[in-house]
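Examination of the molecular architecture
Spelled out from the first residue to the last, the chains are:
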Amino acid sequence: MTTLSEDQIRRICAEVDRRFDEQLAFTMDLVRFPSLREHERAAQDFMAEAFRARGLEVDRWKIDVEALKRHPGASPVASPYAEAYNVVGTHHSEYNNARSLILNGHIDVVPTGPEHRWRSPPFQPVVRDGKLYGRGAGDMKGGIAAMVFAYDSVRAAGLTPKGRIHLQSVVEEECTGNGAFACLLRGYTADAAIIPEPVGEELTRANMGLLWFKVTVPGDPAHASGAYTAGVNAIERGWLIWQHLKGLEARWNAERHAHPHYCDHPHPVRINLGKMQGGEWVSSVAAQCVLEVRAGLYPEWSIEKGKAEIEAVIAEAAALDPGLPAPVVEYHGFHNGGYILEPGGEAEGVLSAAHERVAGEPLKAYASTASTDSRIFGVFGSIPSLVYGPSCTAAHGIDECVDIESVRRVTKTIAVFIADWCGVAEA
Ligand SMILES: [Zn+2]
């Protein structure tokens, strides 16, 4: 079903191999940028330069917070955006009927945890046993490098893509998705999108919805030397609320059989207590505690349904301490439903053929318990959005790494996809 000749595919894959050392060095350069939230700008400048060096038209802009706030689908802007720049490199097309493509990756990475527990420092990438280690090596700088070098390899093979291609490096994937949303609001669209998140060379069939919420729990402060009944400890009250949220997680998981994409998954819903802070003095009964929580939602659910059930459980737990002010719930990050890629689309067919050609086996699809930027293109842009990328170990954990040969295969698959999807002219 491919539009490419055997010779063209062979040339493209050979170019991936030929520049693979350079690709690995580029990935390591990216990992050296500690592009944590509010520190993304230097890495984005590097990406802008990389796009410019390839002759792409470069658009680098600061995210328009007001435009995001006006769109009901965007997540709340709850942190400073002073450093939140997006970069898009565009390959223009002279052909009218060719299919266009978005290649999208996120430059932001999550915090490292205690650095002394890493075998090597998280922002000093190293190769060991066929894997590249470092924070972001897998999630997802390996994928960003793959999409850039996939594009390079098509061109280096003497082929010019006929369709328009946007290479996007975005911020805010790890907390809101507002970076990808800003690309859509700026007018970037295409006939398909590929996001090379580290998903083990499989296609993501479904993504969960996701909510971040913050619960501020009031206590009743008192001198800790008082009667053991004196005061109400806000940290203990917060912990009680957390136990009730774990109960909600169990209830939601128990109904997985009603959700076709997740019925075989042992534990699709994760409600995670990511942060907990409380108290101000060791000899005072804690006056306040703040929980910050991430909750997955089945893709068939509305965000409102998820919020209503979460708030009901918090209210129920809080009522066990009568007479105290109610906890306050705020939504301060991810605020989105899920995404299902309906099977049988043309883009999926082209990706399946490319994957099978490179990997030598059929493309498998799986349902993810995470959320990705695919929903933004898929739901709000009506762009079929394919999440497909390399194998990674310990994303968000200690000693994160990406499998180097997996990156090579994914790069070839994406390169063949670009050429087949967009069409090519011999240069
Ligand atoms: Zn990611």
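Every value quoted in this text rests on a predicted model; they were computed, and no experiment measured them.

The rules behind these values
Residues numbered from 1 in each chain as written. Predicted model: local features only at pLDDT ≥ 70, side-chain atom pairs only at ≥ 80, totals over all residues. Helix = DSSP H or I, 4+ residues; strand = E, 2+ residues; numbered from the N terminus. Rg over C-alpha atoms; globule rule 2.2 N^0.38 Å. Contact = placed C-beta atoms within 7 Å. Domains from an automatic or database assignment. Nonpolar A, V, L, I, M, F, W, Y, C, P; charged D, E, K, R; others polar. Pairing = 2+ DSSP bridges. Axes fitted to C-alpha atoms, helices over the stretch in contact; angles between N-to-C directions. Core = buried A, V, L, I, M, F, W, Y, C linked by C-beta atoms within 7 Å. Buried ≥ 20, exposed ≤ 12 C-beta atoms within 10 Å, placed from the backbone. Parallel < 35°, antiparallel > 145°, perpendicular 65-115°, else oblique. Left-handed = near helix turned anticlockwise from the far one by under 90°. Expected span 1.5 Å × (residues − 1). Arc of directions from axis to C-beta.

Right, let's talk about the overall build of the chain for a bit. In terms of regular secondary structure, the chain is built from eleven helices and 19 strands. Relative to the globule expectation of 22 Å for 427 residues, the C-alpha radius of gyration of the chain, 23 Å, shows essentially globular dimensions. Overall, the chain is about 85 × 45 × 40 Å in size when its C-alpha atoms are taken along their principal axes. Taking all contacts inside the chain whose residues are at least 6 apart in sequence as the whole, residues at least 24 apart take part in 82%.

Here the domain parsing of the chain yields domain 1 (6-207 + 338-426) and domain 2 (209-336). Each of domain 1 and domain 2 was reduced to a C-alpha centroid, and the two centroids are 34 Å apart. Facing 16 residues of domain 1, the contacting portion of domain 2 comprises 17 residues. When its residues are assigned to classes, the side of domain 1 that touches domain 2 shows seven nonpolar, seven polar and two charged.

Strand order across the open sheet formed by four strands is β4-β5-β18-β17, with antiparallel pairing between neighbours. In this open sheet, the two strands that pair with only one neighbour each are β4 (126-128) and β17 (392-393). Across the sheet, helix α5 (residues 137-156) touches β5 (131-133), β17 and β18 (401-403), and the angle it forms with β18 is around 50 degrees.

What follows concerns the nonpolar core. Judged by nonpolar contacts, the single largest core of 83 residues is most densely connected at Val154 and Ile418. In this structure isoleucine 418 touches Leu101, Ala150, Tyr151, Val154, Pro161 and Ile165, once residues within four positions along its chain are discounted. Core analysis: the second largest hydrophobic core is formed by 31 residues, Ala206, Trp252, Cys289 and Leu297 among them.

This brings us to unusual backbone geometry. The peptide bond linking aspartate 139 to methionine 140 adopts the cis configuration, its omega dihedral lying at -10 degrees. Inspection of the secondary structure puts methionine 140 in helix α5. The phi dihedral of alanine 394 falls on the positive side, at around 60 degrees, and the residue is not glycine. Following the sequence through the fold, alanine 394 ends up in the loop between β17 and β18. Overall, alanine 394 belongs to the partly exposed group, with 15 C-beta atoms counted inside 10 Å.

The subject of this paragraph is the environment of alanine 193. Within the secondary structure, alanine 193 is located in strand β8 (residues 193-195). Separated by 83 residues in the primary sequence, alanine 193 and valine 110 place their C-alpha atoms 24 Å from one another. Every residue in contact with alanine 193, bar those within four places of it in the chain, is listed here: Ile102, Asn104, Phe377, Ile383, Ser385 and Leu386.

This part takes up the sheet that holds strand β9 (residues 203-207). Overall, mixed pairing links the three strands, which are arranged β14-β9-β15 in an open sheet. Single-partner strands in this sheet number two, and they are β14 (339-340) and β15 (365-367). Sheet topology note: the β9/β15 ladder contains three bridges and is parallel. Note that in β15 the partner of threonine 204 across the bridge is tyrosine 366.

Here we take up the environment of arginine 18. Along the chain, arginine 18 falls in helix α1 (residues 6-18). On the basis of neighbour count, arginine 18 is assigned to the exposed category, with 12 C-beta atoms found within 10 Å. In this structure the C-alpha to C-alpha distance between arginine 18 and glycine 333, which are 315 residues apart in sequence, comes to 42 Å.

Contact geometry for helix α2 (residues 20-32) and α5: axes closest at 9 Å, N-to-C directions at 135 degrees. In terms of orientation, α2 and α5 fall into the oblique class. In terms of crossing hand, the pair formed by α2 and α5 is right-handed. Across from Gln23, Phe26, Thr27, Leu30 and Val31 in α2, the residues of α5 making contact are Ala137, Lys141, Gly142, Ile144, Ala145 and Phe149. Each residue belonging to the contact of α2 with α5 can be placed in one class, and the counts come to seven nonpolar, three polar and one charged.

Turning our eyes to something else, we now look at α2. Here α2 spans 19 Å end to end across 13 residues, near enough to the 18 Å set by a 1.5 Å rise per residue. Of the positions making up α2, those classed as buried are Gln23, Thr27, Leu30 and Val31. Buried residues along α2 cover an arc of 100 degrees about the axis, so they all sit on one side. Exposed residues lying more than 90 degrees from the buried face of α2 are Asp21 and Glu22. Buried residues along α2 sit in contact with α3 (41-53), β5, α5 and α11 (404-422).

This brings us to the packing of α1 against α5. Between α1 and α5, the shortest axis-to-axis distance is 8 Å and the interhelical angle comes to 125 degrees. Between α1 and α5, the angle is such that the two are oblique. Note that α1 runs across α5; the crossing there is right-handed. Residue-level contacts link Ile12, Glu15 and Val16 of α1 to Phe149, Ser153, Val154 and Ala156 of α5. When grouped by side-chain class, the residues that make up the contact of α1 with α5 number five nonpolar, one polar and one charged.

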